[in-house]
Amino acid sequence: MHERSDSFHSILLCADRSSEAQVALRKASVLARYLDADIELFACDADHPWAVARADEDPAARAELAACLTASRRYLAALRGSIAASDLRITTRAACALTFAEGVAERVREGQHDLVVKNIGDGLAADLALVQACQIPLLLTRSRPWRPAPRVWVALDLAGPNSDSGPRAVAVAQRLARACAGSFNFVYSRSSADHRGATPADERRAARSLGVALTEIKILVGDPRVTLPAALHAEAVDLLVIGQARGAESSSARPRVESTMTETLLGIDGCDVLIVPSAKDGSVSGVAGGSAALREDASHRHD
């Protein structure tokens, strides 16, 4: 009996043309089965921004977009047919956009999705732009498959810039670990000085405030940019959940250390990263949306 989660009823799988996209689809399929969720395979081409911008008045631009959408439809059909998923509700949609992050954000706004899944690509800048654009949970995957009972960690800086997203990140990590019959641990770092002054009562209070059992806590001592990747590798963690601060404090003025930490985590080989924003108050952050930014082929959808 699968657990139904109203928070994850619709998954948007961003399908690029890499071999890792098929692995991302398999992981999205695992989540869809456990959470009884729909999947939309979304191919967003951002290689023809001039055609997107000029499509309303330029026949050549419209022809270029038509060819691009046709190629994307063929790819989506092949990707859809590459996995055995007759039990899943899967649709497809192709689009062209000014930028990839902008296209995904606009599709999330239109489709009311709850989770975006994408394989980590060769271009770190593009993935970081997507992190900043999404205000719904974003799962960035690698090629390593999950174990049958995945090991899920949530890592937070309780006093740092992502502390406002902590409760939501913990709840998401617990829900996924429970639904997939996996294990859950809450991880946070202290400096050596903080660790010497901590008491068991402090740990229990921190755990209770986030709904975490004391036995689920793992404390790392030192710089998390060093200790966390080492612990993830040593424990062979399948999925790391982190919070992402939003609002004015997390815009271009946010501390550089937060961005650096995100880059560090995306560079960890083998471990998938699920980034959870503080609130679902829209689908984009600092990204201009609208039909002029996204040219879609809405007619090509199939179950």
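Residues numbered from 1 in each chain as written. Predicted model: local features only at pLDDT ≥ 70, side-chain atom pairs only at ≥ 80, totals over all residues. Heavy atoms only, no water.

A. Inspection of the overall build of the protein at higher detail. The number of helices and strands found in the protein is 10 helices and 11 strands. Across the 303 residues that make up the protein, the buried fraction comes to 50%. Taking the contacts inside the protein whose residues are at least 6 apart along the sequence as the reference set, 81% of them involve residues at least 24 apart. Accessible surface computed for the protein: about 13100 Å², of which carbon and sulfur atoms make up 53%. (Helix = DSSP H or I, 4+ residues; strand = E, 2+ residues; numbered from the N terminus. Buried < 20%, exposed > 50% of the residue type's maximum accessible area, 1.4 Å probe, protein only. Contact = heavy atoms within 4.5 Å. Areas by Shrake-Rupley, 256 points an atom, 1.4 Å probe, with all protein chains shown as cover.)

B. Here's a closer look at the layout of surface pockets. If you add up the space inside the second largest pocket, you get close to 360 Å³. Residue lining of the second largest pocket: 18 residues in total, with Ala15, Asp16, Arg17, Cys44 and Phe100 positioned closest to the centre. Of all elements in the fold, only strand S2 (38-45), helix H3 (59-81) and helix H5 (124-133) reach the threshold of two or more residues within the lining of the second largest pocket. Per-element accounting of the lining of the second largest pocket gives the leading share, 3 residues, to S2. Partitioning the lining of the second largest pocket into residue classes produces 8 nonpolar, 3 polar and 7 charged. (1 Å grid on protein atoms, 1.4 Å probe; cavity = no way out; pocket = protein on both sides within 12 Å on 5 of 7 lines; lining within 4 Å. Points joined across faces, edges and corners; volume = space filled by probe spheres on them. Nonpolar A, V, L, I, M, F, W, Y, C, P; charged D, E, K, R; others polar.)

C. Quick look at empty space enclosed by the protein. If you walk through the whole model with that rule in mind, you get 1 cavity of 30 Å³ or more. Considered as a void within the structure, the largest cavity measures approximately 30 Å³ in volume. Lining the largest cavity we find Leu31, Trp146, Pro150, Val152, Cys180 and Leu239. Looking at side-chain class alone, the lining of the largest cavity contains 6 nonpolar, no polar and no charged residues.

D. Region of interest: the packing of aromatic side chains. According to the stated counting rule, one finds 1 aromatic pair in the structure shown. Both rings, one in Phe186 and one in Tyr188, keep their centres 5.5 Å apart while their planes meet at 45 degrees; by these two values the pair is tilted. Here the two residues Phe186 and Tyr188 agree in accessibility, since each one is buried. (Phe/Tyr/Trp six-rings, centres within 6.5 Å; stacked < 30°, edge-to-face > 60°.)

E. Spatial organisation of the side chain of Arg107. With respect to the helices and strands, Arg107 occurs in helix H4 (residues 100-111). At a separation of 2.7 Å, a polar atom in the side chain of Arg107 contacts the side chain of Glu40. (Polar contact = N/O pair within 3.5 Å; in protein donor to acceptor, adjacent residues only side chain to side chain.)

F. The arrangement of helix H6 (residues 166-179) in detail. Between its first and last C-alpha, H6 extends 20 Å over 14 residues, near the 20 Å set by a 1.5 Å rise per residue. Of all the residues in H6, the buried ones are Gly166, Ala169, Val170, Val172, Ala173, Arg175, Leu176, Ala177 and Ala179. Against helix H1 (20-35), strand S6 (151-155), strand S7 (183-190), strand S9 (239-244) and strand S10 (272-277) lie the buried residues of H6. Looking one or two residues beyond H6, the residue adopting positive phi is Ala181, at roughly 60 degrees. (Expected span 1.5 Å × (residues − 1).)

G. Focus on the pattern of salt bridges. With the rule as written, the count across this model stands at 13 salt bridges. Of the charged contacts in the structure, one is a salt bridge between Asp36 and Arg89, with a shortest N-O distance of 3.2 Å. Note that Asp36 is positioned in the loop between H1 and S2 and Arg89 in the loop between H3 and strand S3 (90-97), a separation of 53 residues in sequence. Its relative accessible area of 34% is what places Asp36 among the partly exposed residues. Overall, Arg89 belongs to the partly exposed group, its relative accessible area being 39%. Two residues, Glu40 and Arg107, come together in a salt bridge whose shortest N-O distance is 2.7 Å. Of this pair, Glu40 sits in strand S2 while Arg107 sits in helix H4, and the two are 67 residues apart along the sequence. In terms of burial, Glu40 and Arg107 fall into one category: buried. Bridged by salt links that share partners, the residues Asp36, Asp38 and Arg89 form one connected network. (Salt bridge = Lys/Arg side-chain N within 4 Å of Asp/Glu carboxyl O.)

H. Representation of the pairing of S10 within the structure. Counting buried residues along S10, 6 of its 6 residues qualify, which places the element largely inside the surrounding structure. Alternating residues of S10 divide into Asp272, Leu274 and Val276 and Val273, Ile275 and Pro277, and every residue in both groups is buried. Where strand S5 (residues 138-141) lies against S10, 3 bridges are found, and the strand directions are antiparallel. By the bridge assignment, Leu139 is partnered in S10 with Leu274. In this sheet, S10 lies alongside S9 in parallel orientation, the contact comprising 6 bridges. Within S10, the residue paired with Gln244 across the bridge is Pro277. (Pairing = 2+ DSSP bridges.)

I. Representation of the pairing of S7. Of all 8 residues that make up S7, 6 are buried, and the element is covered over most of its length. Here 5 bridges tie S6 to S7, and the two strands are oriented parallel to one another. Each residue of the ladder has a partner; that of Val152, found in S7, is Phe184. By the bridge criterion, 5 bridges tie S7 to strand S8 (residues 217-221) in an arrangement that is parallel. Of the residues in S8, the one forming a bridge with Val187 is Lys218.

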